[in-house]
Amino acid sequence: MMTNDIRSIIEQEADAVRNIPISERYAEAVDLIVKHVHKQGGTLITAGMGKAGQIAMNMATTFSSTGTPAFFLHPGEAQHGDLGIVRRNDLLLLVSNSGKTLELIELVDLARGLVPITSDPQSELARRATLCLPTGAPREVCTLGLTPTTSTTVMTVIGDVLVVGTMDRIGFTTTDYAKRHHGGYLGSKSRQLSGKEAEA
C-alpha cells in the first residue's frame, strides 16, 4: 500500500465525519437520555448486529463510565429470553447502517423511547423511531464497498457526541469519573484531577 493510498483512505473517512448531518436532533436525543435515565430511573440500552453491534457495545460502556447507566443488549439473544431485561422507562439506542436489521426492528415496541443511528432516515427503523440520527450514508472505504469501515467510524463519532453532550447536561465531574475508574492510568489521573478540583 502506497502513502497516497493511505492518505486517501484517511481523507475519505475524515470527510465522512465532516459530513455527518448536524441538527437539533442531537440536543433532543440528549434530552431523551437525560429524561429516561436520569429523571425516570430507566437505563440506556444499546443494540446492533455485527460490526454495528460492536460500536453499540462501545457506546454502552462509554456511557456507563461517564455517569449514564447503560448496557448492550444483543438482538439475537434478546429473542431468546434477554428481552426480560428491558423495562418500561428504558431508552433504546439502536445502531444499524441499513435501518432494516430485522432483529432490531423486533425490539422497537418494547420501550417508550427509540433513537436509531442509521444511514437511511426513511428506513422502517427510522420511521418507527422517537427521533433518528442519520449518518449521512457515507461510502465505505473498503475496496469492495461492502465491509463496514467508514460507516462504523461515523457511528462511533455520533456516539461520542451523545456521550459528551450528556456529560455536559448532567454536570459530570472528574470526581464522578474517579468513582468509576479505580484502576489503571485513567483511575490515577482522574483522582489527581479530582483532588485539584476539590482544592479549587
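Everything below is about the structure printed above this text.
The structure reproduced in this document is the subject of the present report. Computed from a prediction, not measured in an experiment: that's the story for all the values here.

Scoring rules and cut-offs
- Residues numbered from 1 in each chain as written.
- Predicted model: local features only at pLDDT ≥ 70, side-chain atom pairs only at ≥ 80, totals over all residues.
- Heavy atoms only, no water.
- Buried < 20%, exposed > 50% of the residue type's maximum accessible area, 1.4 Å probe, protein only.
- Helix = DSSP H or I, 4+ residues; strand = E, 2+ residues; numbered from the N terminus.
- Pairing = 2+ DSSP bridges.
- Salt bridge = Lys/Arg side-chain N within 4 Å of Asp/Glu carboxyl O.
- Contact = heavy atoms within 4.5 Å.
- Expected span 1.5 Å × (residues − 1).
- Phe/Tyr/Trp six-rings, centres within 6.5 Å; stacked < 30°, edge-to-face > 60°.

The next subject is the pairing of strand β1 (residues 44-48). The element β1 is extensively covered by neighbouring structure, given that 5 of its 5 residues are classed as buried. Burial along β1 is two-sided: L44, T46 and G48 facing one way and I45 and A47 facing the other are all buried. In this sheet, strand β2 (residues 70-72) lies alongside β1 in parallel orientation, the contact comprising 3 bridges. Residue pairing across strands places L44 opposite A70, the latter belonging to β2. Sheet analysis places β1 next to strand β3 (residues 91-95), joined by 5 bridges and oriented parallel.

Here we come to the sheet that holds β1. Read from one edge to the other, the open sheet built from 5 strands follows the order β2-β1-β3-β4-β5, with strand pairing classed as parallel. The sheet is open, and its two edges are formed by β2 and β5 (133-134), each paired on a single side. Here strand β4 (residues 113-118) pairs with β5 via 2 bridges, running parallel. Residue pairing for β5: T118 is matched across the bridge by P134.

Attention now moves to the pattern of salt bridges. Summed over all chains, the structure comprises 4 salt bridges. Between D31 and R169 there is a salt bridge, with its nearest N and O atoms 2.3 Å apart. Taken as a pair, D31 in helix α2 (residues 25-39) and R169 in helix α7 (residues 150-170) lie far apart in primary sequence, 138 residues in all. Taking the relative accessible area as the measure of exposure, D31 reaches 38% and is therefore partly exposed.

What follows concerns the environment of D120. For D120, the location among the structural elements is in the loop between β4 and α6 (124-127). Measuring from C-alpha to C-alpha, the distance between D120 and G165 comes to 23 Å, with 45 residues separating the pair along the chain. The residues touching D120, leaving out its near neighbours within four places in the chain, are N97, S98, K100 and A126.

Examined against the element boundaries, T68 turns out to sit in the loop between α3 (50-65) and β2. Judged by relative accessible area, which is 0%, T68 ranks as buried.

Glancing now at α7. For α7, spanning 21 residues, the distance from its first C-alpha to its last is 31 Å, which sits close to the expected 30 Å at 1.5 Å a residue. Residues T150, S151, T152, V154, M155, I158, G159, L162, V163 and T166 constitute the buried set of α7. At its buried positions, α7 is contacted by α1 (3-18), α2, α3, β3, β4 and β5.

As a further point, take the packing of aromatic side chains. Applying the stated criterion to the full structure yields 1 aromatic pair. Each ring, one from F172 and one from Y177, has its centre 6.4 Å from the other, and the planes form 75°; the classification is edge-to-face. The exposure class of F172 is buried, given its relative accessible area of 15%.

Looking now at the pairing of β3. For β3, the buried fraction is high: 5 of the 5 residues fall into the buried class. Judged by which residues are buried, β3 turns out to be covered on both faces: L91, L93 and V95 on one side and L92 and L94 on the other are all buried. The pairing of β3 with β4 spans 5 bridges and is classified as parallel. If you follow V95 over to β4, its bridge partner there is I117.

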